[in-house]
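For reference, the chains in residue letters:
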Amino acid sequence: MRNLRGGDALRKIVSEEKLPARTIEMNVDDDTSVDRAIAHALAENGQIDILVNNAGVGWAGAVEEMP
């Protein structure tokens, strides 16, 4: 997550459901941040099983009007 303070709702669900999930602070626009997050994940777990890349741009509008 770019800002871990924004993940309170997600962490609450993970805790309540006892899910084996972790959030790591990472800004995909900053190579140093990405390297640090990957190193942290590997040091903690030895491997990365699942990576959710949800850093996208949303578009809203009618399909016919979208480029």
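A brief look at the structure comes next. (Residues numbered from 1 in each chain as written. Predicted model: local features only at pLDDT ≥ 70, side-chain atom pairs only at ≥ 80, totals over all residues. Heavy atoms only, no water.)

1. Some thoughts on a negative patch on the surface
Consideration 1: A cluster of acidic residues, Asp29, Asp30, Asp31 and Asp35, forms a negative patch at the surface.
Consideration 2: Checked against the element boundaries, Asp31 lands in helix α2 (residues 31-45).
Consideration 3: Here Asp31 falls in the exposed class, since its relative accessible area comes to 61%. (Patch = residues over 30% accessible without salt bridge, like charges linked within 9 Å, V, L, I, M, F, W, Y side chains within 5 Å. Areas by Shrake-Rupley, 256 points an atom, 1.4 Å probe, with all protein chains shown as cover. Salt bridge = Lys/Arg side-chain N within 4 Å of Asp/Glu carboxyl O. Lys, Arg positive; Asp, Glu negative; His and termini not counted. Charge placed at Lys NZ, Arg CZ, Asp CG, Glu CD. Helix = DSSP H or I, 4+ residues; strand = E, 2+ residues; numbered from the N terminus. Buried < 20%, exposed > 50% of the residue type's maximum accessible area, 1.4 Å probe, protein only.)

2. Points about the environment of Asn27
Consideration 1: Structurally, Asn27 can be placed in the loop between α1 (8-16) and α2.
Consideration 2: In this structure, the C-alpha to C-alpha distance between Asn27 and Arg2, residues 25 residues apart in sequence, is 4.8 Å.
Consideration 3: Setting aside anything within four residues of it in sequence, one finds Asn27 in contact with Arg2, Ser33 and Val34. (Contact = heavy atoms within 4.5 Å.)

3. Description of the pattern of salt bridges
Consideration 1: Scanning the model with the defined rule gives three salt bridges in all.
Consideration 2: Salt-bridge contacts for Arg11 lead to Asp8; the nearest nitrogen and oxygen are separated by 2.8 Å. A residue pair is termed a helical-turn pair when its members lie 3 or 4 positions apart in one helix, as Arg11 and Asp8 do in helix α1 at three residues.
Consideration 3: You can call Asp8 partly exposed: its relative accessible area is 49%.
Consideration 4: In this structure, Glu16 and Lys12 form a salt bridge, with 3.8 Å as the shortest nitrogen-oxygen distance. Of the two residues, Glu16 and Lys12 are both situated in helix α1; the distance of four residues between them amounts to about one turn of the helix. For the pair Glu16 and Lys12, a shared accessibility class is recorded, and that class is exposed.

4. A look at a nonpolar patch on the surface
Consideration 1: On the surface, Ile38, Leu42, Ile48 and Leu51 cluster together into a nonpolar patch covering about 370 Å² of accessible area.
Consideration 2: Secondary-structure assignment places Ile48 in the segment after α2.

5. Overview of α2
Because each turn of an α-helix spans 3.6 residues, side chains separated by three or four positions in sequence point in the same direction.
Consideration 1: The end-to-end C-alpha separation of α2 is 21 Å, in line with the 21 Å expected for 15 residues at 1.5 Å each.
Consideration 2: Regarding α2, the residues found buried are Ser33, Val34, Ala37 and Ala41. Each buried residue of α2 lies within a common arc of 100° when the element is viewed along its axis, so the set occupies one face. In this structure, α2 carries Asp31, Asp35, Arg36 and Ala43 as exposed residues pointing more than 90 degrees from its buried face.
Consideration 3: The N-cap of α2, judged by a side-chain oxygen 3.1 Å from the amide nitrogen of Thr32 a few residues on, is Asp30.
Consideration 4: Looking at the residues trailing α2, positive phi occurs at Gly46, about 85°. (Expected span 1.5 Å × (residues − 1). Arc of directions from axis to C-beta. Polar contact = N/O pair within 3.5 Å; in protein donor to acceptor, adjacent residues only side chain to side chain.)

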